[in-house]
Amino acid sequence: MPFFRDIIGHPRALDILQSMLLSEEIPHALLFMGEAGIGKRTVALTFAQTLLCRERQMPEGESEGWIEPCNHCLSCQKLAAQNHPDLTILEPEGSTIKVEQIRALQDRIIFKPLDGPKRIILIDPADKMNAAAANSLLKTLEEPPMHAVVILITSKPFSLPETILSRCQKIAFYPLSLSQVETLLTERKGWSTHDARLIASLTGGDLGEALSLEIENAREIEAGLYTLVSEKTLNDYEVLFDVATAHSRDEAVLAQSLQYLAAWFRDVLVLQSVPNFDLLDPSWLVYSWRHEEIKRWAARMNTHEVGAFLADLQEIHQAQIRNINRQLALETLLMQLRDKVINQKQKASG
Ligand SMILES: [Zn+2]
């Protein structure tokens, strides 16, 4: 189990949780919200462990520090063995969290904790509760037992009913910056800056995924994503169509493709912002190893066009939740890029 001091990033969220531990004023309902894969659950488990720990470690003297679990008392041991009677983790059975699961939970939490001061319930991901389950949970949130702490974890807070949201104290989690992930990867994995950056940019601040990705694998993924902007794709409508199909086959794949395009065209903007491309240190770019090609894009489009393209990307990214036609959306984006490539060729030959 991690300590608070080992958690990377999330300084604001950790501060809030630490002040709760210090004051011993723990809300009955907390909502941890932020993108998937950035460590909400790890933080929730560390918080739960500290709450239940019998020999909680306080920071020493006046020095800065965290309140930490001891990691060896009986409670901490049970938690590590995943059989602590006062911690319940509710996860989807099948595709949703069902009302029966919430009812079973309610039957249990009315009783006093068996071991420690609190009964903690983690619901992850909370947005998987179906309407009946959410409705049933609401009753608990309206009149929670004294000793209950419910932690809802979600990357889609907007899909939870307002009645639930309004009863939770919300704690926002933000992705790590690419440079934070990059630094961590060079430290922990001993990778070169170049490799660390590639993985950081591919995983978009998802540290868990970044740590589990092998470098060869990452290079292969990048090579696949690169086909989105390569001239070979954009010059040939049939290839473009195939690439758009492959890179929009499901929500996660489309999200990664959009992220790649966004980082690529942010690089183009960076290049355009310097008076002389050739003077720019390529290490400023996310895709520094492709800077020759990014240079060509910087000449192909003006800053206004790049900005408009990024705005379109953003719009599609947000529209995903409304299940737009993914393939058509990506194809439209690539067609815009194709126009630029073809225009430039015509200018060059005319
Ligand atoms: Zn302990």
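Residues numbered from 1 in each chain as written. Predicted model: local features only at pLDDT ≥ 70, side-chain atom pairs only at ≥ 80, totals over all residues. Heavy atoms only, no water.

Caption draft 1: How the structure looks around the overall build of the protein. Each helix and strand counted, the protein has 16 helices and five strands in total. Principal axes of the C-alpha set define a box for the protein whose edges measure 80 × 50 × 30 Å. Scored against the burial criterion, the 350 residues of the protein give a buried share of 47%. Counting only contacts in the protein whose residues sit at least 6 apart along the sequence, the fraction spanning at least 24 positions is 71%. When the accessible surface of the protein is summed, it comes to about 17700 Å², and 52% of that surface belongs to carbon and sulfur atoms. Charge-centre separation for the protein: the mean point of 35 positive side chains lies 4 Å from the mean point of 46 negative side chains. (Helix = DSSP H or I, 4+ residues; strand = E, 2+ residues; numbered from the N terminus. Buried < 20%, exposed > 50% of the residue type's maximum accessible area, 1.4 Å probe, protein only. Contact = heavy atoms within 4.5 Å. Areas by Shrake-Rupley, 256 points an atom, 1.4 Å probe, with all protein chains shown as cover. Lys, Arg positive; Asp, Glu negative; His and termini not counted. Charge placed at Lys NZ, Arg CZ, Asp CG, Glu CD.)

Caption draft 2: Representation of the environment of Ala-299 within the structure. Locating Ala-299 in the fold gives a position in helix α14 (residues 291–300). Once the C-alpha coordinates of Ala-299 and Gln-272 are considered, the two residues, 27 residues apart in sequence, prove to be 8.2 Å apart. Leaving out residues up to four positions away in the same chain, Ala-299 has contacts with Phe-277 and Gln-344.

Caption draft 3: Summary view of the coordination of the zinc ion. Distances from the zinc ion to its protein donors, Cys-53 (SG), Cys-70 (SG), Cys-73 (SG) and Cys-76 (SG), fall within 2.3 to 2.4 Å. Each of the four donor atoms bound to the zinc ion contributes to angles spanning 102 to 116°, and the resulting shape is tetrahedral. When the donor residues of the zinc ion are listed from N- to C-terminus, their spacing reads C-x16-C-x2-C-x2-C. Exposure remark for Cys-76: the relative accessible area of 2% places this residue in the buried category. (Donors = N, O, S within 2.8 Å, 3.2 Å for Na, K, Ca; no water. Tetrahedral: all angles 85-135°; square planar, octahedral: opposite > 155°, others 65-115°.)

Caption draft 4: Molecular detail of the sheet that holds strand β2 (residues 87–90). Across the sheet, which stays open at both edges, the five strands sit in the order β2-β3-β4-β1-β5 with parallel pairing between neighbours. A strand with exactly one partner marks an edge of an open sheet, and here the two such strands are β2 and β5 (169–172). Averaged over all pairs of adjacent strands, the angle between strand axes in this sheet comes to 20°, irrespective of strand direction. By the bridge criterion, four bridges tie strand β1 (residues 29–33) to β5 in an arrangement that is parallel. Looking at the pairing, Met-33 lines up with Ala-172 of β5. (Pairing = 2+ DSSP bridges. Axes fitted to C-alpha atoms, helices over the stretch in contact; angles between N-to-C directions.)

Caption draft 5: Representation of the pattern of salt bridges in the model. Tallying each qualifying case throughout the model produces 13 salt bridges. Asp-195 serves as the salt-bridge partner of Arg-219, at 3.2 Å between the closest nitrogen and oxygen. Placement of the pair is Arg-219 in helix α10 (residues 215–226) and Asp-195 in helix α8 (residues 193–203), with a sequence separation of 24 residues. Linked through salt bridges whose partners overlap, the residues forming this network are Arg-41, Glu-91 and Asp-124. (Salt bridge = Lys/Arg side-chain N within 4 Å of Asp/Glu carboxyl O.)

Caption draft 6: Geometry of the side chain of Glu-182. Examined against the element boundaries, Glu-182 turns out to sit in helix α7 (residues 178–189). For Glu-182, a relative accessible area of 14% corresponds to the buried category. Sequence-distant contacts of Glu-182, defined by excluding residues within four places in its chain, comprise Thr-193, Ala-196, Arg-197 and Ala-200.

Caption draft 7: Local environment of the domain arrangement of the protein. On domain assignment, one finds that the protein holds domain 1 (4–172) and domain 2 (227–343). Centre-to-centre, using C-alpha coordinates, domain 1 lies 40 Å away from domain 2. (Domains from an automatic or database assignment.)

Caption draft 8: Examining the pairing of β2 more closely. Here four bridges tie β2 to strand β3 (residues 119–123), and the two strands are oriented parallel to one another. Residue Ile-89 lies in a different strand from β3, and its bridge partner there is Leu-122. This β-α-β element, β2 to helix α4 (residues 99–109) to β3, shows right-handed connectivity. (Right-handed = clockwise from strand over helix to strand, strands pointing away.)

Caption draft 9: Structural detail: the packing of aromatic side chains. Scanning all chains against the criterion turns up ten aromatic pairs. Centroid distance Tyr-237 to Phe-241: 6.5 Å. Interplanar angle 45°. Geometry classified as tilted. Taken together, the positions of Tyr-237 and Phe-241, both in helix α12 (residues 237–246) and four residues apart, correspond to about one turn of that helix. For Phe-241, a relative accessible area of 36% puts it in the partly exposed group. Each member of the aromatic cluster is reached from another via a ring pair, and the members are Tyr-226, Tyr-260, Trp-264, Tyr-287 and Trp-289. Residue placement shows Arg-5 over the ring face of Phe-3; its charged tip is 4.2 Å from the ring centre. (Phe/Tyr/Trp six-rings, centres within 6.5 Å; stacked < 30°, edge-to-face > 60°. Lys NZ or Arg CZ within 6 Å of the ring centre and 35° of its normal.)

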